[in-house]
Amino acid sequence: MQQSGPALPRRLNGRAAACDPCRARKLACDHSQPVCKRCKKRGNDINCVYREPALRGGGPRPRTAHKSPTTPSIPLRFEALSHPASPTNEALPPAPGATTGYWGLASHAVVFDEAKQSLSMFSLSQQLPSIPSLSSPSPAASSNRTAKSRVPFRERPAPLREMCLYVLRCLPGQANEIMTFGSSTSDPSELQTWGDIIVDRITTSILGCLDEIRHCGEGGLEAMAEMLCDNTAQPIRDDCETHTEWLEQFTGQRLRWETLGLLCLYLDRVSDMFDAVSYNRLEYAGDKPVPEIVLVCVKYCIEIATSLTEANVLLVDLCRRAASQDSMVHGDGLAVTMANFLGMHVQTNDGMDLYQPTFCSEYKRRLYAHLFISDKLGVSFTGRPPIVSRRFNSTPLPLDISDVDMCDPERRSVALSNLDSHGWSKSGILCSATVMRARTMVATIRDELYEIALDSTARVRREVLLDLYERLETVHQAFPEVLRYKPDDSDAKVSIQYIRIACQLEILQTQFFIRRLIHWHDPRPSDEGNVLDTSFAMLELVLSIWVERDRFADSAMRRNFEWFVMEYGSPAGGVLCLELLRPTFTGNHFKNSSVSRSSIIQNLTLLVGFLDWVKPSAPNSDLCADCKLVIKRVLDHHLNNPAPMPTAAVDPSSQVIGLASDETQLQPSASMNYVEPLDQWMPAEDMPIFNFQLMDTFDWLRNDDLRM
């Protein structure tokens, strides 16, 4: 054991104190200096600090690591709160790197910029005030801005003070604690995500602050809240070269309210698809999940932060994650507005050969990719116009580099050299960036589809839709092998197979969109059965998760079950229900032999069970109950009163019922269109009031012809 440093602080029992990271995770520390072996192995050198344990009876205060020289410490703030002096207008430290936001070509800044250039001939340009640059998404604020005055916590509005104290009381060891920091893993291979890396720093910072106020009662929480408010009022740079420089802006004595919000979301495992199914380094206190309280804390952190500061990248990330935790109906409006204000939609595209990634540049690319993907998922669910468009987005795709590699300059260089010409890694390892790239590519095609589907004046040409379908297939074929869904891959890690299924569902849903648009606008005989085939495949994949729910038992996976059944399963079930009411084939389907009357009934029965599994407290439980009612009624009606089967002749060459080989348009027979009036087997009072907008495959319920 190395002892090259100063004498180690001692605990009350006389033993050497562990370093902060080891103490936070309740692991044995070898007390090596300057860095213990465990922290050195995990690359956590900067946090390996030995601090004196707090003594009872008002003993010496612990030494705080990474104390910011620009803001008073918590003990000093507590003393000031306990012995208030005369009012002061003490100013906050200068805020380097404050932003005026992105100014586009349509902004008023263009006029001033042109005027400034015109006046330069008179040598007056140096006397003119600085004008926001159009070439930089995040220009620095002019230096003639006055510094903000520090506002004492007790002089802030009462609602804001109550929100601050509510969040702080939920931290470990406080009156309403909802989380614990003790559970962790000693295996460095588990540290594969940005969430693992940032949580280590945040938890160490919070433990340090709580140590300083452990004997201060409510006044200590007020002092901590004042520090958080002052820090949140400072801008955050988004051009840091290293992740350490980036982290130092919102950890240690620079903790911010955005930081606490992100920590709460990490506790509830709200992140991207890859991070959510990775190892979680936080636990609910007493193993009792309280997502409702977490949601309140997150909303409070956002409200506090937005009242104290303008947009920053950290706040965009917090709002983006909070939107995915809350409801798809509410969307990512706040996060997108902030991202556009920061110019994240127009990040520089220098091409693969010239681009030299930094931690911040990739972080912003990934964050905007998250927003783009989430927006497209929301459009398919709500049918609302998108708020993010590829037409106004020049931000390139993030590179296929893991979080850990991005945080280490040497490993980043190696990973960069291991990319192919399209930005995919040759290592064959699945990371969060791999999933993000793939989903963004699919979302870009969906964005084009939504323009067609939502534009009431558009004249859709079949060739355009077929081209989109071919491009989708090309994108899918370009996916790395590790991301491809393989039904029979029983050896795949559960989390990897889950991610593959989720990505495959997005592919199938996009195919479904295209085929439905073709069927609506320009159907041909060769298209017959395509929508049914895709719907059957989509439902089977959703049900595979339900059937193997014991395998996919992780809470982060289970939380998305409701989303899978509503976004993919129920719309597919609507197509299969209509097939039972309007049969288009006999025996096995001519395009997919696994599709038969029997298999459709079996899958719809399983879908009823899946919908019934959704708890009444779930956000979309009413929709699930309505879908379940319709499907059960259709099954009962079909099994008890079978509809007439198709009687039209079958063309042996095409295997399409009711079509001659020389037909150019679909001409379904009368028997295929027959449906027993709905009011005879589904009373009007039981008719559910819902639809799935772009995925509305239950539109036949609202067809007046069917109710006649």
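Residues numbered from 1 in each chain as written. Predicted model: local features only at pLDDT ≥ 70, side-chain atom pairs only at ≥ 80, totals over all residues. Heavy atoms only, no water.

K.L.:
How should I be thinking about the overall build of the protein in this particular structure?
P.N.:
Along the protein, the regular secondary structure elements total 25 helices and four strands. The buried share among the 708 residues of the protein stands at 55%. In the protein, of all internal contacts separated by at least 6 residues, the share reaching a separation of at least 24 is 74%. Working note: accessible area of the protein is about 32,300 Å², and carbon and sulfur atoms make up 52% of it. (Helix = DSSP H or I, 4+ residues; strand = E, 2+ residues; numbered from the N terminus. Buried < 20%, exposed > 50% of the residue type's maximum accessible area, 1.4 Å probe, protein only. Contact = heavy atoms within 4.5 Å. Areas by Shrake-Rupley, 256 points an atom, 1.4 Å probe, with all protein chains shown as cover.)

K.L.:
Is there a simple way to explain the pattern of salt bridges in this structure?
P.N.:
Pairs can form between side chains of opposite charge once their charged atoms are near each other. Taken as a whole and assessed by the stated rule, the structure comprises 32 salt bridges. A salt bridge links Lys628 to Asp612; the shortest N-O distance between them is 2.8 Å. Placement of the pair is Lys628 in helix α25 (residues 621–640) and Asp612 in helix α24 (residues 597–613), with a sequence separation of 16 residues. Three or more residues joined by partner-sharing salt bridges are found here, namely Asp375, Lys376, Arg390, Arg391, Asp447 and Glu451. (Salt bridge = Lys/Arg side-chain N within 4 Å of Asp/Glu carboxyl O.)

K.L.:
I'm lost on the side chain of Glu506 in this one. Help?
P.N.:
Along the chain, Glu506 falls in helix α20 (residues 494–521). In this structure Glu506 comes out as buried when scored by relative accessible area, which is 6%. For Glu506, the side chain forms a polar contact with the side chain of Arg439, separated by 2.7 Å. When residues no more than four places from it in sequence are discounted, the contact partners of Glu506 are Leu377, Arg439, Val442, Arg446 and Tyr568. (Polar contact = N/O pair within 3.5 Å; in protein donor to acceptor, adjacent residues only side chain to side chain.)

K.L.:
Sorry, what's going on with the packing of aromatic side chains here?
P.N.:
Each aromatic ring pair is specified by the distance between its two centres and by the angle formed by the two planes. Applying the stated criterion across every chain, the model contains 13 aromatic pairs. Chaining the aromatic ring pairs together yields one cluster made of Trp246, Phe250, Phe359 and Tyr363. Across the ring face of Trp546, the terminal group of Arg549 is positioned such that the distance to the ring centre comes to 3.7 Å. (Phe/Tyr/Trp six-rings, centres within 6.5 Å; stacked < 30°, edge-to-face > 60°. Lys NZ or Arg CZ within 6 Å of the ring centre and 35° of its normal.)

K.L.:
Any chance you could explain the packing of α20 against helix α23 (residues 561–581) here in plain terms?
P.N.:
Packed helix pairs are specified by the crossing angle of their axes together with the interaxial distance, meaning the distance between the axes. Running from amino to carboxyl end, α20 crosses α23 at an angle of 45°, the nearest separation of the two axes being 11 Å. It follows from the interaxial angle that α20 and α23 lie oblique. α20 and α23 meet at a crossing whose hand is left-handed. Residue-level inspection shows Tyr498, Ala502, Leu505, Glu506, Gln509 and Phe512 of α20 in contact with α23, the latter providing Phe564, Glu567, Tyr568 and Val575. Counted by class, the contact of α20 with α23 contains seven nonpolar, one polar and two charged residues. (Axes fitted to C-alpha atoms, helices over the stretch in contact; angles between N-to-C directions. Parallel < 35°, antiparallel > 145°, perpendicular 65-115°, else oblique. Left-handed = near helix turned anticlockwise from the far one by under 90°. Nonpolar A, V, L, I, M, F, W, Y, C, P; charged D, E, K, R; others polar.)

K.L.:
Before we go on, may I ask you to explain helix α6 (residues 194–212) in this structure?
P.N.:
One turn of the α-helix equals 3.6 residues, which is why residues spaced by three or four share an orientation. With 19 residues, α6 should cover 27 Å at 1.5 Å per step; its first-to-last C-alpha distance of 28 Å lies within 8% of that length. Across the 19 residues of α6, 19 count as buried, placing the element largely inside the fold. (Expected span 1.5 Å × (residues − 1).)

K.L.:
I'm lost on the nonpolar core in this one. Help?
P.N.:
Across soluble globular proteins, you tend to see nonpolar side chains buried next to one another. Among the nonpolar cores identified, the biggest contains 160 residues, and Leu168, Trp194, Ile206, Met224, Trp246, Trp257 and Leu604 are the most heavily contacted of them. If we ignore the near neighbours within four places in the chain, the residues touching Met224 are Ile74, Leu168, Leu171, Cys209, Leu210 and Ile213. Counting residues in hydrophobic clusters, the runner-up holds 11 residues, among them Ala18, Cys22, Cys48 and Tyr50. (Core = buried A, V, L, I, M, F, W, Y, C linked by side-chain atoms within 4.5 Å.)

K.L.:
Got a minute to help me understand helix α21 (residues 530–547) in this structure?
P.N.:
Here α21 contains 18 residues, and its C-alpha end-to-end distance of 25 Å stays within 8% of the 26 Å for a straight helix at 1.5 Å per residue. Here α21 lies mainly inside the structure; 15 of its 18 residues are buried.

K.L.:
What exactly am I supposed to notice about unusual backbone geometry here?
P.N.:
With omega at 5°, the peptide bond leading from Gln33 into Pro34 counts as cis. For Pro34, the position within the fold is in the loop between α1 (20–25) and α2 (37–41). Of note, the phi angle at His31 is positive, near 60°, even though the residue is not glycine. Looking at the element boundaries, His31 is found in the loop between α1 and α2.

K.L.:
Help me understand the environment of Ser544, please; the structure alone is not making it clear to me.
P.N.:
Considering the arrangement of structural elements, one finds Ser544 in helix α21. For Ser544, a relative accessible area of 18% translates into the label buried. If we skip the residues at most four places from it in the chain, Ser544 touches Ile501 and Phe552. A distance of 2.5 Å separates a polar side-chain atom of Ser544 from the backbone oxygen of Leu541.

K.L.:
Explain the side chain of Lys364 here, please?
P.N.:
Note on placement: Lys364 falls in helix α15 (residues 359–382). On the basis of relative accessibility, which here comes to 17%, the residue Lys364 falls in the buried class. Polar side-chain contacts of Lys364 include one of 3.4 Å to the backbone oxygen of Asp238. Once you skip the residues sitting within four places of it in the chain, Lys364 turns out to touch Asp238, Val313, Met344 and Gln347.

K.L.:
Could you clarify how one ought to interpret the confidence of the model for the protein in this entry?
P.N.:
Atom-level detail of predicted coordinates should not be read off regions where pLDDT is low. Per-residue confidence for the protein gives a mean pLDDT of 77, with 71% of residues at or over 70. When pLDDT is averaged over each helix and strand of the protein, the minimum, 34, is found for strand β4 (residues 656–657) and the maximum, 95, for helix α5 (residues 158–168). A low-confidence stretch, residues 54–70 (pLDDT under 50), is modelled with 31 contacts involving residues beyond four sequence positions or located in other chains. Residue range residues 647–674 is modelled with pLDDT below 50. Its contacts to residues more than four positions away, or to other chains, number 58 contacts. (pLDDT = per-residue confidence, 0-100.)

K.L.:
Got a minute to help me understand the environment of Pro289 in this structure?
P.N.:
Relative to the elements of secondary structure, Pro289 occurs in the loop between β2 (283–284) and α11 (291–308). The exposed category is assigned to Pro289, whose relative accessible area is 56%. Distance in space between the C-alpha atoms of Pro289 and Ile178 is 8.1 Å, their sequence separation being 111 residues.

K.L.:
Sorry if this is basic, but what is going on with the packing of helix α18 (residues 432–454) against α20 here?
P.N.:
Put simply, α18 and α20 touch, their axes get as near as 11 Å, and they point 20° apart. On the basis of the axis angle, α18 is roughly parallel to α20. The chirality of how α18 crosses α20 is left-handed. In contact with Val435, Arg439, Val442, Ile445, Arg446, Leu449, Tyr450, Ile452 and Ala453 of α18, α20 contributes Ile499, Cys503, Glu506, Ile507, Gln509, Thr510, Phe513, Ile514 and Leu517.

K.L.:
Sorry, what's going on with the state of the cysteines here?
P.N.:
In protein chemistry, a disulfide is the covalent bond that joins the sulfur atoms of two cysteines. Overall, the coordinates contain zero disulfides when judged by the stated rule. The thiol of Cys22 is not disulfide-bonded; the next cysteine sulfur, from Cys19, is found 3.5 Å away. The class of Cys22 is buried, set by a relative accessible area of 0%. For the unlinked cysteine Cys39, the closest cysteine sulfur is that of Cys36, found at 3.6 Å. Under the relative-accessibility criterion, Cys39 is labelled buried at 0%. (Disulfide = S-S within 2.5 Å.)

K.L.:
So what exactly am I meant to see when it comes to the environment of Ile452 here?
P.N.:
Assignment of secondary structure puts Ile452 in helix α18. Owing to a relative accessible area of 14%, Ile452 belongs among the buried residues under this scheme. Residues Ile452 and Leu465 lie 13 residues apart in sequence; the distance between their C-alpha atoms is 9.3 Å.

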